[in-house]
Number of protein chains: 2
Amino acid sequence: MNIATDTRSRILAAAKPRFHSRSYANVGIQEICEGAGIQKGSFYHFFPSKRDLVMAVIDEFADEWANGFVAEAFDPALPPMERIDYLIDAAYFWQKSIKQVHGRMLGCIFGNLTLEVSTQDDILRAKLLAIFTRAKSRFSETLGQAVAAGTIAPLDTELTAEAMLAYLEGVILLAKAQNDPEVLYRLGPAIKTLRVELKTA
Amino acid sequence: MNIATDTRSRILAAAKPRFHSRSYANVGIQEICEGAGIQKGSFYHFFPSKRDLVMAVIDEFADEWANGFVAEAFDPALPPMERIDYLIDAAYFWQKSIKQVHGRMLGCIFGNLTLEVSTQDDILRAKLLAIFTRAKSRFSETLGQAVAAGTIAPLDTELTAEAMLAYLEGVILLAKAQNDPEVLYRLGPAIKTLRVELKTA
DNA sequence: CTTGCATTTTACCGATCGGTCAACTAGTAT
DNA sequence: ATACTAGTTGACCGATCGGTAAAATGCAAG
């Protein structure tokens, strides 16, 4: 069981940075096996297909985020709107450190995969959408508390949350186009100016 | 000359929808040749490499946009901020019509390609960045005129323009994740709430 | 009629793609 | 000791990848 778990996690460890830094189609099973130091047949013992592998990779990234600085950012002890500042900061420093190590801005793997595969694979698309939906609810929860605290004027928390998530993904996209995490630093803070007003039903 | 031009444009006509609806890596030269009704050797007579093809495809899409509804949206006769409304509307209706025909939201080919290839090919990245830079200047020009007309309070037109472009790309990304152009309709108008204030130097 | 050039076809290159299969190893439970 | 099973290996599948080279075609100018 331990050995099995070890091989499986070595596969994931080899796959994660490759999918993040290149693309789904550009990373082959064979290369991943070489990176993990195993044979291809062994790979297919743990993952029925390449798609299943990338789903596991998505889960690992999502867990890392959720338990890492996203958990720190959305700390209930912080004033609501400061959590958003914190999140932007964290994204900036993360991308910056990746660039320092790797030489390139890799961006958000969820966004990367979404634009690459979501027209070709509805199962992957659904998986990625679930990630975004969870992220959106973190934002909307925070916005709700900010409104309740009187920090910001009432607004449509659901739609504003979605708008903020979209903005964050868009900023990361433009930063990747420039291979420059400073774009995040310059544009990130404007996320708090986004507002979708309540429907005046 | 005519025949040559015809073959070349048939190649482009076959390549464009394929790159738009799938991805760079997922579309092969052979398939494009079949779509264009030619042999592979003929393809390489007109394009030295796959990268050169996709650069030509990018140019064609950029021209289409620039001469199509982007030109209409940024009509100097319109009040500045209405041009932005118009652009969002146009993007929405475009994606919606694509979905009706194709069954899927394809999103923005520039954004799609950026996230797929920009870590792997600096030449393509530079090409895509140039597209975004041009788009940004359309926004900043518009914002400058809106400020001059007193429609909006003074702000950092360059950074706000970049933020708006990022937001547009991000909204399209989320819409693609949901395979639903209505996301554009719901979130698009909030683009005008984005502001980056002037540095109080 | 011929030379020359652009275009096109056909066949081919080595490499890689995702995935399968049968044989083999090793540890565990009976 | 034996049977079972999880894990692993290495060889293999047909298909496709981007790209090349040489021969054939067609056309136009001299």
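Since the model is a prediction, treat every value here as computed from it, not as a measurement. (Residues numbered from 1 in each chain as written. Chains lettered and ligands numbered in written order. Predicted model: local features only at pLDDT ≥ 70, side-chain atom pairs only at ≥ 80, totals over all residues. Heavy atoms only, no water.)

**Quick word on the interface of chain B and chain A**
Often the size quoted for an interface is simply the accessible area lost on bringing the parts together. Our working definition: Any two residues whose heavy atoms approach within 4.5 Å are treated as being in contact. A carboxyl oxygen of Asp or Glu within 4 Å of a side-chain nitrogen of Lys or Arg is what we treat as a salt bridge. Distance and chemistry together define a polar contact, namely a pair of N or O atoms within 3.5 Å, with one atom able to donate a hydrogen and the other to accept it when in protein, and with adjacent residues in sequence counting only for side-chain atoms on both sides. Under the DSSP-based scheme used, a helix requires at least four consecutive residues in state H or I and a strand at least two consecutive residues in state E, with every element numbered from the N terminus. Classification used: nonpolar for Ala, Val, Leu, Ile, Met, Phe, Trp, Tyr, Cys and Pro, charged for Asp, Glu, Lys and Arg, polar for all others including Gly.
If you look at the interface, chain B gives 43 residues, while chain A gives 43 residues. At the junction of chain B and chain A, the tally comes to four salt bridges. Across the pair R104 of chain B and D122 of chain A runs a salt bridge whose closest N-O atoms are separated by 2.5 Å. Counting across the interface, chain B meets chain A through 16 residue pairs in polar contact (both at pLDDT 80 or more). Top element by residues in the side of chain B that touches chain A is helix α9 (residues 157-177) of chain B. It accounts for 13 residues. Within the side of chain B that touches chain A, the residues separate by chemical class into 20 nonpolar, 13 polar and 10 charged.

**A word on the domain arrangement of chain A**
Residues and elements named next belong to chain A. Stated precisely, the cut-off is as follows: Domain borders in the structure are assigned automatically or taken from a domain database. Take the accessible area each of two parts loses on contact, using a 1.4 Å probe, and add the two losses: that sum is the buried area.
The domain architecture assigned to chain A consists of domain 1 (1-49) and domain 2 (68-193). For domain 1 versus domain 2, the distance between C-alpha centres works out to 28 Å. Across the boundary between the two partners, domain 1 contributes six residues, which contact 10 residues of domain 2. Taken as a group, H20, S21 and Y24 account for 78% of the area that domain 1 buries against domain 2, more than any other trio of residues on that side. Here domain 1 is connected to domain 2 by zero salt bridges.

**Side note on the side chain of Q95 of chain A**
All names here are of chain A. What counts here: The rule is simple: take the accessible area with a 1.4 Å probe, protein chains only, and divide by the maximum for that residue type; under 20% is buried, over 50% is exposed, in between is partly exposed.
Along the chain, the position of Q95 falls in helix α6 (residues 80-102). Look at Q95 and you get buried, because its relative accessible area is 2%. Residues within four places of Q95 in sequence aside, it is in contact with M105, L106, G107, C108, P181 and L184.

**What about the environment of A163 of chain B?**
Within the fold, A163 of chain B resides in helix α9. Considering only alpha carbons, one finds A163 of chain B and R195 of chain B, 32 residues apart in sequence, at a separation of 8.0 Å. When neighbours within four sequence positions are excluded, A163 of chain B is seen to be in contact with Y167 and L187 of chain A together with L194 and V196 of chain B.

**What about the relation of the copies chain B and chain A?**
Our working definition: C-alpha atoms of residues with pLDDT of at least 70 in both copies form the basis for the least-squares superposition of the copies.
The two copies are related by a screw operation: chain B maps onto chain A through 180° of rotation and 0.0 Å of translation along the axis, at an RMSD of 0.0 Å. The two molecules are tied by a two-fold rotation axis, judged by turn and shift. Among all residues of chain B, the minimum C-alpha distance to the rotation axis is found for G170 of chain B, at 1.9 Å.

**Re the pattern of salt bridges**
All names here are of chain A. Counted by the stated rule, this structure contains 27 salt bridges over all chains. Linking E64 and K16 is a salt bridge whose minimum nitrogen-to-oxygen distance equals 2.4 Å. Taken together, the positions of E64 in helix α4 (residues 50-67) and K16 in helix α1 (residues 2-21) put the pair 48 residues apart, joining distant regions of the chain. Residue class for E64 comes out partly exposed when judged on its relative accessible area of 43%.

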